[in-house]
Amino acid sequence: QVQLAESGGGLVQAGGSLRLSCAASGRIFVIKAMSWYRQAPGKQRELVALITGGGSTNYADSVKGRFTISRDNAKKTVYLQMNSLKPEDTAVYYCNVEDFRVYWGQGTQVTVSS
């Protein structure tokens, strides 16, 4: 019923930038929150950034000041602008959308070389 299609990942040198996109299709009701998570090999999945239905944002301390989450309601899309990337940002990034259910994207690989 609902699918989240992610794009924008890739290989970038330290200090570079990437912009991730996650476009939703299907029936979504009132959105409570949209967020980005990431998971590195051998590590637990962690919350990177979140935007609520009211527009409030929260960021992990490790990315605050470097990453920005935003959305386009008309396109049902959430974005993650990532600047000043570091090797420790390397992970698979997953988008998440919550209405009265929770939906996950398929993940997109971000690799940052030093």
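So, here's what we can say about the structure. Only a predicted model underlies this, so the values are computations on that prediction, with no experimental measurement involved. (Residues numbered from 1 in each chain as written. Predicted model: local features only at pLDDT ≥ 70, side-chain atom pairs only at ≥ 80, totals over all residues. Heavy atoms only, no water.)

The next subject is the nonpolar core. The biggest cluster of nonpolar side chains holds 28 residues, and the ones touching the most others in it are L4, W36, F67, L80, M82 and Y93. Those elements that place two or more of their residues in this core are strand 3 (18-25), strand 4 (33-39), strand 5 (46-52), strand 7 (67-72), strand 8 (77-82), strand 9 (91-98) and strand 11 (108-113). (Core = buried A, V, L, I, M, F, W, Y, C linked by side-chain atoms within 4.5 Å. Buried < 20%, exposed > 50% of the residue type's maximum accessible area, 1.4 Å probe, protein only. Helix = DSSP H or I, 4+ residues; strand = E, 2+ residues; numbered from the N terminus.)

In this section: the packing of aromatic side chains. One pass over the structure, following the stated rule, counts 2 aromatic pairs. Between F29 and F100, the ring centres sit 5.3 Å apart and the planes meet at 50°, which makes this aromatic pair tilted. Within this pair, whereas F29 is found in the loop between strand 3 and strand 4, its partner F100 is found in the loop between strand 9 and strand 10 (102-104), the two being separated by 71 residues in sequence. Using a relative accessible area of 54% as the deciding quantity, one classes F100 as exposed. Here the guanidinium or amino end of R19 rests over the ring plane of Y79, the centre of that ring lying 4.0 Å away. A cation over an aromatic ring shows up here: R45 above the ring of Y94, its NZ or CZ 3.9 Å from the ring centre. (Phe/Tyr/Trp six-rings, centres within 6.5 Å; stacked < 30°, edge-to-face > 60°. Lys NZ or Arg CZ within 6 Å of the ring centre and 35° of its normal.)

This next bit is on the pairing of strand 7. As paired elements, strand 7 and strand 8 share 6 bridges and run antiparallel to each other. What sits directly across from F67, in strand 8, is M82. Between strand 7 and strand 8, which pair antiparallel and follow one another directly, the connecting turn spans 4 residues, one of which, K76, has a positive phi of 50°. (Pairing = 2+ DSSP bridges.)

Spatially, the 4 strands line up as an open sheet ordered 1-3-8-7, and their pairing is antiparallel. The open sheet has two free edges, formed respectively by strand 1 (3-7) and strand 7, since each of these has just one partner strand. The sheet shows a mean angle of 15° between the axes of neighbouring strands, taken without regard to direction. In terms of strand pairing, strand 1 meets strand 3 through 5 bridges, oriented antiparallel. Paired with A5 across the two strands is A23, which belongs to strand 3. (Axes fitted to C-alpha atoms, helices over the stretch in contact; angles between N-to-C directions.)

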